[in-house]
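# Geometric and topological summary
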Amino acid sequence: MTDGCTVTDPLQATGGGPRHGCPVLPARGVFRPLGLADVSLDGGFWGGRQEVNATATLAHCEEWMERVGWLANFDRVAEGSTGPDRPGWPFSDSEVYKLVEALCWEVGRSGAPTAETAIRRLTARIARAQDPDGYLNTCFGHSSQPARYSDLEHGHELYNTGHLLQAAVARLRTTGADGLVEVARRAADHVCGTFGADGRNGICGHPEIEVGLVELGRALGVDRYVEQAALFLERRGHGTLREMPLGRAYFQDDVPIRQADTWRGHAVRALYLSAAAVDVATDRDDRDLLDAVQRQWRHAVARRTYLTGGMGSRHQDEGFGEDWELPPDRAYCETCAGVASIMVSWRLFLATGDPRYTDLVERTLYNVVATSPSSDGRAFFYANPLHQRTPAASTAGAGVSPRAETGTRSAWFEVSCCPTNVARTLASLAGYVATTDDGGLQIHQYAPATIRTRLPDGQRLAVRVETDYPASGGIHVHVTEGSGQPWTLSLRVPAWAAGARLVHDGRSTPVTPGMATLHRAFQIGDVITLELPVRPRLSRPDRRIDAVRGCVAVERGPEVLCVESHDLPAGDAIDSLEIDPFVPPRDVDGVVRVRGRLAAPAVPEQDWPYPAAVDIAPAAVDIAPAAAGWFEVPLRPYHSWARRGPSSMRVWLPATRSHADGHSS
Ligand SMILES: [Zn+2]
């Protein structure tokens, strides 16, 4: 890890004052993020999605929250008419706050008057529901409702408040203080007053208040909020919450965060908690805490993460499975876990400068966040499995989906956390594109963009990025402003981009994955081109990911590819497809093609699908030859398993030496 340099005045360094539009702004770190005031995305893959988000998704979310009564919940509290029939889960307030956050970023991005009007409309309803002492929740603490903080395990009160604080942070950093910020400040003060060092020894079952408190503390310059976040972090992991059927790992209350070696339990909870931990660690220069999150990231990314960047393989607790437990068809990969993973990786990147983190941000953006919304921005995936066995029934016009996994995108969900999380991420996406340090500009995500900033020495510089990435791999950086003083341009070269080249001054030089840097007295009109090889490539799983052992996947640039039944002969099941990994995939007019065949049935239709394996009965080979690695594996009756004490066990034993393994080992 690189030593971080202290940013004495991060607001000035970003050049945009308090309205710089950064979703995350650490007090120190290797790189300083540029916000929406400095970076705009101009069309392309992401700019187009931002437009759909702005013109369709934001209004779609508000309409649904009105329709299902989640907005009226605030009115009922204000009018004193709460009853036992409150619509929505206890966390439905958070969706309103996440929508407001998305609207605030949208105002910062585009200045859209409709978004500004919506913020004021929603803020008025939220503010009226706040109790005189600052408490704000539509599910607890009022007539016919449970008492405040009477169910910290599952009530989500502090979780909701955390999202309110993040909305206020977005407002502060794009527009400035207003009524929304005042509501958030009073709510944060109430949290500190209730759960401070001298207060109740409680934490929320769903982390989120921590990340909201740190960022609001940063934005308002109130250390008390950061201290409260640190207090919540340290309290967790000691059995502070009541035991529950899924175990305390579900809400990361099983092991203190400094001691944990990996992410476990509910994925979104684990990741929101880690995002806050990085924030606290960087602001307090707490190396032990930062090391702990980096250790957990390394373990979980190496053993508990899908090819898409998706996290969480278990449906029962929306959680991480064991190491290597990554079934493609039962992948949960909640969209929110993708958003939360980006939050953690971006923070770790700012703290350390390690481009592995921004590599994962890119993978997750293209393969989880971009997967969720429909083309029209009015339907969403919640779960993102890597294998769908049969086409699902259309959910168009079906109303609120009660299910997270549906096989088609749904307009709204009973638990509708993902649409608003996508909305706030897309609206603020320009804040994850570029950074500066004392020596120059770094670009981490590639899209048509305009980037303006001022270096600490006062030099103003601006570049325009032209590219149709990821359709092709040419990224052209045009210098459009500068004083002629030397500075360093750094461009991320993704880990998959072996063979990348940097073209400048009429020369083309090879660059390796990591950061390609160029130090020059750049002149206006200079063009620097990064050429990334986005040709299709085969990837195979670690052999320990047994659910997909013997399989390969095809990737192209940052995109993971898939086969769809639409492209197979009618009537053929996708499960009968096999491909020849010895023939390289080809890119034909923008469509990648592989050599494949549909496996003919080995036997006629049968009543019982597990016939005797006579065709592979051992004949010529001794069961325990001297060849390295082979040994005699005893088998026991399934019914006898675990009778000799705890054991691991499996019935299906994958064959070795499939084509996909490529070579013996
Ligand atoms: Zn979600």
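Before reading on, note that the structure itself is shown above.
An account of the accompanying structure is given in this report. In this text the structure is predicted, and so the values were computed from the model without any measurement.

### Quick notes on the overall build of the chain
Of regular secondary structure, the chain possesses 14 helices and 23 strands. Taking 665 residues into account, the globule formula puts the C-alpha radius of gyration at 26 Å, and the chain, at 26 Å, falls close to it. Principal-axis analysis of the C-alpha atoms places the extent of the chain at approximately 80 × 70 × 50 Å. Of the roughly 28900 Å² of accessible surface on the chain, 52% is carried by carbon and sulfur atoms. Taken together, the 68 basic and 81 acidic charged side chains of the chain have centroids lying 2 Å from each other.

### Examining the side chain of glutamate 157
Summarising the element assignment, glutamate 157 is placed in helix α6 (residues 157–174). Within the buried core, glutamate 157 has no salt-bridge partner, and the shortest N-O distance to an opposite charge, that of arginine 148, equals 6.6 Å. The residues touching glutamate 157, leaving out its near neighbours within four places in the chain, are Tyr135, Asn137, Phe140, Arg148, Tyr149, Ser150 and Cys204.

### Quick word on the sheet that holds strand β17 (residues 536–539)
The antiparallel open sheet is built from 3 strands, whose spatial order is β17-β18-β19. With one partner strand each, in any of the chains shown, β17 and β19 (559–560) form the two edges of the open sheet. Sheet topology note: the strand β18 (residues 553–556)/β19 ladder contains 2 bridges and is antiparallel. Residue pairing for β19: glutamate 555 is matched across the bridge by valine 560.

### Some remarks on the packing of helix α12 (residues 335–352) against helix α14 (residues 417–427)
How two helices sit against one another is set out by the angle between their axes and by the gap between those axes. In contact at an axis separation of 8 Å, α12 and α14 are set at 35 degrees when each is read in the N-to-C sense. For the element pair α12 and α14, the recorded crossing hand is left-handed. Between α12, through Thr335, Cys336, Val339 and Met343, and α14, the contact on the second element is made entirely by Cys417, Cys418, Asn421, Val422, Arg424 and Thr425. Partitioned by chemical class, the residues of the contact of α12 with α14 number 6 nonpolar, 3 polar and 1 charged.

Criteria and thresholds
Residues numbered from 1 in each chain as written. Predicted model: local features only at pLDDT ≥ 70, side-chain atom pairs only at ≥ 80, totals over all residues. Heavy atoms only, no water. Helix = DSSP H or I, 4+ residues; strand = E, 2+ residues; numbered from the N terminus. Rg over C-alpha atoms; globule rule 2.2 N^0.38 Å. Areas by Shrake-Rupley, 256 points an atom, 1.4 Å probe, with all protein chains shown as cover. Lys, Arg positive; Asp, Glu negative; His and termini not counted. Charge placed at Lys NZ, Arg CZ, Asp CG, Glu CD. Buried < 20%, exposed > 50% of the residue type's maximum accessible area, 1.4 Å probe, protein only. Salt bridge = Lys/Arg side-chain N within 4 Å of Asp/Glu carboxyl O. Contact = heavy atoms within 4.5 Å. Pairing = 2+ DSSP bridges. Axes fitted to C-alpha atoms, helices over the stretch in contact; angles between N-to-C directions. Left-handed = near helix turned anticlockwise from the far one by under 90°. Nonpolar A, V, L, I, M, F, W, Y, C, P; charged D, E, K, R; others polar.

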